[in-house]
Amino acid sequence: MDKFLDAAIAEAKAGLGTKGIPIGSVLVKDGKIVGRGHNKRVQDNDPMTHAEIDCLRNAGRIGSYKGTVLYSTLMPCYLCAGAVVQFGIKKVYAGESKTFPGARAFMESHGVEVIDLNNAECIQMMNDFIAKNPKLWNEDIGV
């Protein structure tokens, strides 16, 4: 298991522990985590606080994003993929895309290398959450 994916999973679990949506993310630069976050749409009553956005906010101003890598427990949506492209993040590891396909093609079309880890723990966490909270999940993905 990858220690950075482990950190993203820990963020997802932290979000779930506060009655939120279990998606977590970390930003890595020079082999170190410089930002971490989780989906806080429910907790903050803010439709924009997706895990990747929270992670980037928590990283703060780091100057150049050249050489950074974003880890997320779920394939980033178009909102988060837009932030990846905007900031020039060139590599994204997604824990999974089975429960939500996200915006992989969009990121790849902008030169981002996207690696889908197809991680069983990430898949199970989302499947369990979606089964228990279909209305909240549909709200999160805009359905």
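Report on the accompanying structure.

What counts as what
Residues numbered from 1 in each chain as written. Predicted model: local features only at pLDDT ≥ 70, side-chain atom pairs only at ≥ 80, totals over all residues. Heavy atoms only, no water. Helix = DSSP H or I, 4+ residues; strand = E, 2+ residues; numbered from the N terminus. Rg over C-alpha atoms; globule rule 2.2 N^0.38 Å. Buried < 20%, exposed > 50% of the residue type's maximum accessible area, 1.4 Å probe, protein only. Contact = heavy atoms within 4.5 Å. Areas by Shrake-Rupley, 256 points an atom, 1.4 Å probe, with all protein chains shown as cover. Pairing = 2+ DSSP bridges. Axes fitted to C-alpha atoms, helices over the stretch in contact; angles between N-to-C directions. Nonpolar A, V, L, I, M, F, W, Y, C, P; charged D, E, K, R; others polar.

Another point: the overall build of the protein chain. Across its full length, the protein chain carries seven helices and five strands. On C-alpha atoms alone, the protein chain measures out to a radius of gyration of 14 Å, which is about the 15 Å that the 2.2 N^0.38 rule sets for 143 residues. Per-residue burial over the protein chain gives 48% buried out of 143 residues. Partitioning the intrachain contacts of the protein chain with sequence separation of at least 6 by distance along the chain shows that 54% fall at a separation of at least 24. Entry remark: accessible area of the protein chain is about 7,000 Å², with carbon and sulfur atoms responsible for 53%.

All right, on to the sheet that holds strand S1 (residues 24-29) then. Hydrogen bonds between backbone groups are what pair the strands of a sheet, and the pairing can be parallel or antiparallel. Spatially, five strands are ordered S2-S1-S3-S4-S5 in an open sheet, and the strand pairing comes out mixed. The open sheet has two free edges, formed respectively by strand S2 (32-38) and strand S5 (113-116), since each of these has just one partner strand. Sheet twist, expressed as the mean angle between neighbouring strand axes with direction ignored, is 15 degrees. By the bridge criterion, four bridges tie strand S3 (residues 69-72) to strand S4 (residues 91-94) in an arrangement that is parallel. Considered in S4, the bridge of Tyr-71 is made with Tyr-93. On the sheet, helix H3 (residues 51-59) packs against S1, S2 and S3 and is oriented at approximately 135 degrees with respect to S2.

Viewed as axis vectors pointing N to C, H3 and helix H4 (residues 78-87) meet at an angle of 35 degrees, and their least axial separation amounts to 8 Å. Contacts from Glu-52, Ile-53 and Leu-56 of H3 reach H4 at Leu-79, Cys-80, Ala-83 and Phe-87. Looking at side-chain class alone, the contact of H3 with H4 contains six nonpolar, no polar and one charged residues.

Following the sequence through the fold, Glu-11 ends up in helix H1 (residues 3-17). Separated by eleven residues in the primary sequence, Glu-11 and Pro-22 place their C-alpha atoms 7.9 Å from one another. The residues contacting Glu-11, other than those within four sequence positions of it, are Gly-24, Ser-25, Arg-36, Gly-37 and His-38.

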